[in-house]
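Architecture and fold: a report
Here's the letter readout for the chains.
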Amino acid sequence: TAVCILAVTIPGALFLLGDSSAGLWLANQITGFSHRVLGRSSGAALAQDPSTLARFEEDRHLNEAIAQAPLFGHGLGYAYQLPFGGDDPTEFTQSLGTTYAHNFYLWWLAKSGAVGMAAFAVFALTPLVRALRSASVPAKISAAVSMGLLVMCIIDPLPEEPTNAMTLGITLGAAMAFALG
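Below or above, wherever it landed, is the structure these notes cover. (Residues numbered from 1 in each chain as written. Predicted model: local features only at pLDDT ≥ 70, side-chain atom pairs only at ≥ 80, totals over all residues. Heavy atoms only, no water.)

The next subject is the packing of helix H4 (residues 50-68) against helix H5 (residues 104-133). Interhelical geometry of H4 versus H5 gives an angle of 30° and a closest axis separation of 8 Å. In terms of orientation, H4 and H5 fall into the roughly parallel class. The handedness of the crossing between H4 and H5 comes out as left-handed. Counted together, Asp59, Leu62, Asn63, Ala65 and Ile66 of H4 and Leu106, Trp107, Leu109 and Ala110 of H5 form the full contact between these two elements. Grouping the amino acids of the contact of H4 with H5 by side-chain chemistry returns seven nonpolar, one polar and one charged. (Axes fitted to C-alpha atoms, helices over the stretch in contact; angles between N-to-C directions. Helix = DSSP H or I, 4+ residues; strand = E, 2+ residues; numbered from the N terminus. Parallel < 35°, antiparallel > 145°, perpendicular 65-115°, else oblique. Left-handed = near helix turned anticlockwise from the far one by under 90°. Contact = heavy atoms within 4.5 Å. Nonpolar A, V, L, I, M, F, W, Y, C, P; charged D, E, K, R; others polar.)

What follows is the structure, encoded as C-alpha cells:
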C-alpha cells in the first residue's frame, strides 16, 4: 500500500509543482537520492565513493588503536587519527574528526578496550535479554527497537551524540521496564 501511495504521490507532486521552487527542490531531492544511494550501491561505485573510503580509513585507524591497547583502551580523549581535510582549524576534520568515529563499537573499543566493551554489553544486553524472555508484548517491541538502534551504531555513533544517546537509553529502559512490569 505504501509503495503504491508513493508511486502515485511523487510523480503527481512533481507534475503539480512543476517549475516552482518546491517542485525544483523535490526534483533535486529525488535526483540526489537516485545518484547517491541507488547509483552508488554497486561494489565498483562504493570503491570510489569518498564517504565510503573515508569510513574505511577511519576503521583502519581505529583497528590500529585497538591493537595498541586492547584491554583498557586509550581513554575518551584519545585522538586515534591525525587531522585531515583542509587547513582551517575550525573544520570538523581538523578538530573533532580526530576523536569522532562513525562505528560506535570500534570507537568504544579504541577508547575503553575490552573491559569497557564488556561493561557496555552488560548495560545494553541485560534489558534485551530480559525483554525477549518476558511474555510482555511491549517488552518485545521495545527490545526490537533497541536492537535496531544497536545495529545502527555500526554506521551511526548514537551513544556519542546527546539526543541519540537519550533515545537509545529510553528504548533500553523501556525494554527493561516492560520486562519487569
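After that view, the rundown keeps rolling.
Take the packing of aromatic side chains next. Under the criterion given, the structure shown has seven aromatic pairs. Centre to centre, the rings of Phe104 and Tyr105 are 5.5 Å apart; their planes meet at 70°, and the pair counts as edge-to-face. Among the residues examined, Tyr105 registers a relative accessible area of 22% and is labelled partly exposed. An aromatic cluster is present here, built from Phe104, Tyr105, Trp107, Trp108, Phe120 and Phe123 joined pairwise through their rings. (Phe/Tyr/Trp six-rings, centres within 6.5 Å; stacked < 30°, edge-to-face > 60°. Buried < 20%, exposed > 50% of the residue type's maximum accessible area, 1.4 Å probe, protein only.)

One finds Leu62, Phe120, Leu150, Leu168 and Leu172 to be the most contacted residues of the largest nonpolar core, which totals 23 residues. In terms of residue count, H5 provides more of this core than any other element does, nine residues in total. If we skip the residues at most four places from it in the chain, Leu62 touches Tyr80, Ala101, Leu106, Trp107 and Ala110. (Core = buried A, V, L, I, M, F, W, Y, C linked by side-chain atoms within 4.5 Å.)

Glancing now at the pattern of salt bridges. One pass over the structure, following the stated rule, counts two salt bridges. Close ionic contact of Arg60 with Glu57 constitutes a salt bridge, the shortest N to O distance being 2.4 Å. Taken as a pair, Arg60 and Glu57 lie in helix H4 at a separation of three residues, close to a single helical turn. You can call Glu57 partly exposed: its relative accessible area is 34%. For the salt bridge of Arg60 with Glu64, the shortest nitrogen-to-oxygen distance reads 2.6 Å. Remark: Glu64 and Arg60 occur in helix H4; sequence separation between them is four residues, near one turn of the helix. With a relative accessible area of 38%, Arg60 lands in the partly exposed category. (Salt bridge = Lys/Arg side-chain N within 4 Å of Asp/Glu carboxyl O.)

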